[in-house]
Each structure stands twice: as C-alpha cells, then as structure tokens.
Amino acid sequence: FYAKNLWHKATRDQLFFLASGITFNVLVTIVPLLLITISVLGILVESSTSAREQILSFIQRVMPLASSQAESLLFGLVEDRGWLGVLGLVGLIWASTRLFGSLRTVLEIIFEIPPEERLGIVEGKIHDVRMVVVVGSLFLLTDKPEASLDFFVNILGLTESGRDGDSVYLRAYDDYEFHTLKLT
C-alpha cells in the first residue's frame, strides 16, 4: 500500500524529471569548480619549480607525442590563473544559487506548498544567496571544530547536549532526540 502510494506521488510530481533538473545543476556547478582548481594549480605551478618539473615529467610520460602542446596549454593556464579564478568564483556563486533554487522548487512541489506561499523570483534568489553563504561557511569551517561549534551554538542557536572524545553533540530547540547534529 505504501509503495503504491509512493509510486503514484512520484509519478504525479514527476519525480524523475525533477531529479534530472537537480542533477543538471550539480553538473553545471562542476565547471566553475574546475576553473578554481586550475587557478589554484596555476598558483602552485608558478610558485614551485619542483611541482612544475613533476607535472612536465608526467605530461611527457602520458602524452609523449603531444607533450609540447600540453606544456604550452599548461603555461597558458598558469598565466591566466587570476582571471580563471575570478571567473570560477563568480560562476560557482551563480551555479550554486541555481542549484539551491532548483532544490527549493523541487521541495515546494514535493511537499505541495501552495503557489501563494512560495517565494517570488527576487525573494527566492535572495534566499538562495543566503543558503550559498551558510553552506559555504559551513564548508570552510568544517576543518576548524571550535569555529564550527561556535557557529552552530552562537549563530544558529543549537545547544550542546554532550561530548564523547572529539565529538560534540548538539541539539536543536524542541528536538526530542538527544542530539540533532554531531560534530566530529
């Protein structure tokens, strides 16, 4: 009975079409990430002669016939690393807001939010930018446990419900479970 109703809801909401839209936006987000990666690698290659030599050696082993073209392409990218990084960052922000917009739209459809309660175009874009800032902040803070703990407790308002070794258990307001989130 549950599986039948789930199948009917998935068909009615065009779940596979919505999933393909989210997947497309994830794939679009990969392009600016590649540009940022190229920019960072350009900085590393420019600053380290050993890194440059290792990359050139690798290129000559993998592509012996096209190594000169690959080398010229590599050094061209190293020279263009600044604007590639800026373009990648702007593209990542744009693509990320599109991804969050798609997720928001899919959730509105699945949870049957009435159109009058949905965010408008401008409000939705502002909400998506906020989500990019929050998720980006969380991404940057993940390797700094104390900063992450401070963010969740002092900014998001979670309370510490316990500790176990390096792990901290946090609880959201009115959650009936011991913890809502575990920071490790």
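So, how was this worked out
- Sequence order sets the numbering: in each chain, residues are counted from 1 along the sequence as written.
- Two thresholds apply to this predicted model, a pLDDT of at least 70 for residue-level local features and 80 or more for giving and counting side-chain atom pairs, whereas whole-chain, interface and lining totals are computed over all residues.
- Note: side-chain values were computed over all heavy atoms of the structure, leaving out hydrogens and water.
- Runs of E in the DSSP output that reach at least two residues are strands. Runs of H or I that reach at least four are helices, and both are numbered from the N terminus.
- Restricting the calculation to C-alpha atoms gives the radius of gyration, and the globule rule supplies 2.2 Å times the number of residues raised to the power 0.38.
- Here's how the labels work: a residue is buried when its accessible area is under 20% of the maximum for its type, exposed when over 50%, partly exposed in between, all with a 1.4 Å probe on protein chains only.
- Here, residues are in contact when the closest pair of their heavy atoms is within 4.5 Å.
- Here the Shrake-Rupley method, with its probe set to 1.4 Å, supplies the accessible areas, and only the displayed protein chains count as covering residues.
- Nonpolar cores are built from buried Ala, Val, Leu, Ile, Met, Phe, Trp, Tyr and Cys residues. Side-chain atoms within 4.5 Å join them into one set.
- A helix is expected to reach a length of 1.5 Å times the quantity of its residues less one.
- DSSP-based pairing: two strands are paired if at least 2 bridges between them are found.

Novice: How should I be thinking about the overall build of the protein in this particular structure?
Specialist: Of regular secondary structure, the protein possesses seven helices and three strands. Starting at the N terminus, the α and β elements of the protein follow one another as α-α-α-α-α-α-α-β-β-β. Compactness check: the protein gives a C-alpha radius of gyration of 23 Å against a globular reference of 16 Å for 184 residues, more than 25% above the reference. Here the C-alpha coordinates of the protein stretch approximately 60 × 45 × 35 Å along the principal axes. Counting every position in the protein, which comprises 184 residues, the buried fraction comes to 26%. Look at the contacts in the protein between residues 6 or more apart in sequence, and 44% of them connect residues 24 or more apart. On the protein, roughly 13200 Å² of surface is accessible, and the fraction owed to carbon and sulfur atoms is 68%.

Novice: When you look at the nonpolar core in this model, what are you seeing that I'm missing?
Specialist: Where a protein is soluble and globular, its nonpolar side chains tend to be buried together. In terms of nonpolar packing, the biggest core is built from seven residues, these being L149, F151, F152, L158, V168, L170 and L183. At three residues, the largest contribution of residues to this core is made by helix α7 (residues 145–155).

Novice: How should helix α2 (residues 15–47) be read in this particular structure?
Specialist: Residues that lie three or four places apart on an α-helix share one face, since the helix turns once every 3.6 residues. An ideal rise of 1.5 Å per residue puts 48 Å on 33 residues; α2 measures up with 48 Å between its terminal C-alpha atoms. Listed as buried for α2 are L18, N25, T29, P32, L35, S39, G42 and V45. Buried positions along α2 lie against α3 (49–62), α4 (67–79) and α5 (81–110).

Novice: Looking at this structure, I do not really get the pairing of strand β2 (residues 167–171). What am I missing?
Specialist: Working note: regular strand, side chains alternate between the two faces of the sheet. Here β2 lies mainly inside the structure; four of its five residues are buried. Looking at chain direction, strand β1 (residues 159–164) and β2 are connected through five bridges and run antiparallel. Each residue of the ladder has a partner; that of E160, found in β2, is L170. Hairpin geometry of β1 and β2 is characterised by an intervening segment of two residues between the two adjacent antiparallel strands and by a positive phi of about 65° at G165. Pairing of β2 with strand β3 (residues 181–183) involves three bridges; the strand directions are antiparallel. In the sheet register, L170 faces β3, and the bridge partner there is L181.

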